[in-house]
Amino acid sequence: MGRYRVRVATGSFAFSGSNNQVRLWLVGLRAEAELGLRLRLSRGQMEDFEVDVSEDLGPLLFVKLRKTHLLLKDAWFCNHITVWVFQESTEEKEIMFPCYRWVQGDGIICLPEATAWMMRNEVQGLFQKHGEEELEERRTLYRWATWKEGLPLSVAAASEKDLPLDVRFHEGKKIDFEGTLAAGMMDIALKRLYTLLNSWKSLEDFDQIFWGSKSALAKRVHQSWKEDDFFGYQFLNGVNPTLLRRSTSLPTRLVIPPELEGLQVQLERKLQEGCLFEADFSLLAGVQANVIQGERQHLAAPLVMLKMEPDGKLLPMAIQLQPPCSGSPDPPLFLPSDPSLTWLLAKAWVRNSDFQLHELQAHLLKTHLVAEVFAVATMRCLPGMHPIFKLLIPHLRYTLEINTRARTKLISDGGIFDQVVNTGGGGHLDVLRRATACLTYRSLCPPYDLADRGLLGIPSALYAHDALRLWDIISRYVQGIVHLYYSEDKVVQSDPELQAWCQEITEIGLCGAQERGFPVSFQSRAELCHFVTMCIFTCTAQHSGINQGQLDWYAWVPNAPCTMRKPPPTTKDVTLEMVMATLPNVHQACLQMTIAWHLGRFQPDMVPLGHHKEEYFAGPGHKAVLNRFQEDLNTLEREIVARNKGLDLPYYYLQPSRIENSITI
Ligand SMILES: CCCCC/C=C\C[C@@H](/C=C/C=C\C/C=C\CCCC(=O)O)OO
Ligand SMILES: [Fe+2]
């Protein structure tokens, strides 16, 4: 017997409230009691009421709730339920029952109290049983599917409408996503009309479509895209900082003709000095190019050699557009000393190739699709009371829906890639398969990836610096939470749900990725923390570092052409007509600008890294860990803002306030 105060918190986004009636039960170790209330819950409200219960319930384990409707079914989003227990001679006790899910239909939902996992082996196994039943239901809701062979598995959903309501865009996000896309398409129509009667013969003609709100950096790209140091800078701190590596030898594919002996000497000298770098796009070699409106597009697989100057600038030394092919003449090397249009076209080919590997390998595969594997495995293997579920779930928000939309609109038959990208038409799937086949665990962990690529300790490598700082901050946060639950390595080893989660990611979701360094089990807290840090880093910092730059670097199309309509040059006599006939046409350029803007813009309902409002954990320990995380992020924010003040080109993609808490776009 006792007096209870109950608080019911409803979500604050559109349609969270419900006109249906909601009934509640308190379930204790010794008994359960219906609270006899018929609640109608309003959006964004916390509604309190007090009840006296005659039975002796014992320690509260669950709250059960059930929504009943007379006529209209009206889903309700339950944030959480909090119960205060008043008993004689004891302090009032607050017990939290997190939910953060839609309550649909008239089934009974059972919410375990927030610290249930700590008692999973006690209370007559009630929590264990609840977790098993929960996973049984989740495994029917979240099923693996093979969208295309050779790619990571995805969630089974033909379109976003097939996804469970709990992982769908909330109404505001959906309206914003679809509304701005429609506005972007209008933009294209206007630009097409405007350019209809005008020429498309010079590079300046791209100015005709370069209007509308532009970031300061996009305007700078428009100004400086032809400059060699600006070209080199992008490999370090542009939209795709994942390809550059310090050379350890001259690449075997680099064939230097005798007449360029001087170049050979320079390259070798830079190699000896440790300041020779390379960007190798060999992954694109032999990929079938798209056919757009009956016009064959073309692809290259460049190699770029660059030198790091003492002032931190990265300058191109030579570009080889295609790898040597036996039985064919050696491919020409394009040099900064070539005629300006020739050198500019060679750089444009590199930028087009970088567009392909950035969007397909660095962006789609190594953030979106990998995050989707984490999301599906988490929903299938970890019950809501599991600490790793609670730690990860805020970083998986909206990812299943944005990826499903990408599969149906972007990389689908007739999607954006088929419409305007030179790897479209099936080549993009070939690139995704090749990239998946060489996707390593180390490449998703900046301390290893940057070391392997020889990019540690370079003052002008701002992405590298900020990525390492964020990795350490996230790692401390993960360790703080994990150590609250796993007191020693044995507890990790003996957690079957955790081990199943790891195995499902590596062996099923990533299709046997143990061959590429991914773990199939966790033998220690350190291994668990490293893996979960990689998950959160990928879903937050890495995606922000790779996604945001589309707005800045892809708006001026000649800097990142989505397609190339003529073959790569094989001689040095290049004309402006060749350049304009090669770069995207008006329609292709307009669509690129619209999609790049749509995907790269700031999301209106974005949640900054570490600032999710959902409270899955209970108890002072978690709050202290989360507070420390937020303090560390604030410190880094100040560091980056101060650093950027002194930079000609500020790097802000990994500024914590600009990092979204999950992959939502
Ligand atoms: C040309 C840019 C390709 C970017 C591919 C990389 C990652 C996927 C992307 C998510 C996209 C999600 C949905 C598709 C968005 C717009 C297409 C709409 C086209 C249409 O409706 O006609 O990450 O940001
Ligand atoms: Fe994205």
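From a predicted model like this one, the values you see are computed outputs, not experimental measurements.

Visitor: I keep staring at the overall build of the protein chain and nothing clicks. Help me out?
Guide: Within the protein chain, the regular secondary structure consists of 19 helices and 18 strands. A globule of 665 residues ought to have a C-alpha radius of gyration of about 26 Å, and the protein chain, at 28 Å, matches this closely. The buried share of the protein chain, reckoned over its 665 residues, is 46%.

Visitor: I would appreciate a short explanation of the site of ligand 1 in the present structure.
Guide: Taken together, 16 residues sit near ligand 1, with Leu364, Arg405, Ala406, Lys409 and Leu599 positioned nearest. Elements supplying a minimum of two residues to the shell around ligand 1: α6 (340-381), α8 (399-409) and α18 (586-600). Partitioned by chemical class, the residues of the shell around ligand 1 number 9 nonpolar, 4 polar and 3 charged.

Visitor: What is the right way to look at the confidence of the model for the protein chain in this model?
Guide: Segments scoring low in pLDDT should not have their predicted coordinates read at a detailed level. Mean pLDDT for the protein chain: 96, with 100% of residues reaching 70 or above. Of the two predicted TM-score estimates for the complex, the pTM is 0.98 and the ipTM is 0.96.

Visitor: In this structure, what is going on with unusual backbone geometry? I would like to understand it.
Guide: Despite not being glycine, Gln124 shows a phi value in the positive range, around 55°. Mapped onto the secondary structure, Gln124 falls in the loop between β9 (108-112) and α1 (126-141). Residue Gln124 is classed as exposed on the basis of its 9 C-beta neighbours within 10 Å. Backbone geometry places Gln293, a non-glycine residue, at a positive phi of 45°. Relative to the assigned elements, Gln293 resides in the loop between β14 (291-292) and β15 (295-296).

Visitor: Sorry if this is basic, but what is going on with helix α4 (residues 228-237) here?
Guide: In an α-helix, one full turn covers 3.6 residues, which means residues spaced three or four apart are oriented alike. Across the 10 residues that make up α4, a large majority, 7, are buried. Buried residues of α4: Phe231, Gly232, Tyr233, Gln234, Phe235, Leu236 and Asn237, and no others. Buried-residue contacts for α4 involve β13 (276-280), β16 (303-308), β17 (314-320), α6, α12 (462-485) and α16 (549-553).

Calculation rules
- Residues numbered from 1 in each chain as written.
- Chains lettered and ligands numbered in written order.
- Predicted model: local features only at pLDDT ≥ 70, side-chain atom pairs only at ≥ 80, totals over all residues.
- Helix = DSSP H or I, 4+ residues; strand = E, 2+ residues; numbered from the N terminus.
- Rg over C-alpha atoms; globule rule 2.2 N^0.38 Å.
- Buried ≥ 20, exposed ≤ 12 C-beta atoms within 10 Å, placed from the backbone.
- Near = placed C-beta within 6 Å.
- Nonpolar A, V, L, I, M, F, W, Y, C, P; charged D, E, K, R; others polar.
- pLDDT = per-residue confidence, 0-100.
- Contact = placed C-beta atoms within 7 Å.

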